[in-house]
Each structure stands twice: as C-alpha cells, then as structure tokens.
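Chains, contacts and geometry: an overview
Single-letter residue listing:
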Amino acid sequence: MTGKHKSKEIQAAIAYALDRGWRLERARGRGHAWGTLYCPLTDRGGCRFTVWGTPAIPEAHARDLRRTVDRCEHG
Ligand SMILES: [Zn+2]
C-alpha cells in the first residue's frame, strides 16, 4: 500500500477496510479514481469499491465505503 488519501474520513474508512482483509490497489494515471479496494474474495464474485480522489462529499464517500465493507460476507 502506498500513500494516504487526503481526506481523513476516507483514509479512516480505507484503514477500516484494510483491517478487514481488503486489499488496496492504487490507480495509475490521471483519472478521477484514487484507487480500488478489493474484498478478501479475489475472484469475479468479490466485492470492490472505487475510491475517488476528490469526491463531492468525502464523508458520504467514506460512509459508502464502510457500508460496502460491512455488507461483504467474504471476510
Ligand atoms: Zn466480498
């Protein structure tokens, strides 16, 4: 894992996901995606969450990430 997200709410949610076995893959290039989180099930049926670099409402984006992690049953 490299680098931290500039939103502390989102960074905390990323740490929450990593604590539960999720894997972070940082985005390459200049798109809007900051990175993608993958749940412990690493095949096509696994969950994923795209982390945006500059979401309109960071708190809401962080909440969506936590909700996605909580919904995952692959951990
Ligand atoms: Zn999952």
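The coordinates are above.
Some points on the sheet that holds strand β3 (residues 48–52)
Spatial ordering of the open sheet is given by β1-β2-β3, a layout of three strands whose pairing is antiparallel. In the strand order of this sheet, the two ends are held by β1 (23–26) and β3, each with one partner. On average, adjacent strands in this sheet sit at an angle of 25° to one another, irrespective of strand direction. Taken together, the four bridges between β1 and strand β2 (residues 33–38) define a ladder with antiparallel strand orientation. Note that in β2 the partner of R26 across the bridge is G35. Packed onto the sheet, helix α2 (residues 58–71) meets β2 and β3 and runs at close to 165° relative to β3.

Cut-offs used in this document
Residues numbered from 1 in each chain as written. Predicted model: local features only at pLDDT ≥ 70, side-chain atom pairs only at ≥ 80, totals over all residues. Heavy atoms only, no water. Pairing = 2+ DSSP bridges. Helix = DSSP H or I, 4+ residues; strand = E, 2+ residues; numbered from the N terminus. Axes fitted to C-alpha atoms, helices over the stretch in contact; angles between N-to-C directions. Contact = heavy atoms within 4.5 Å.

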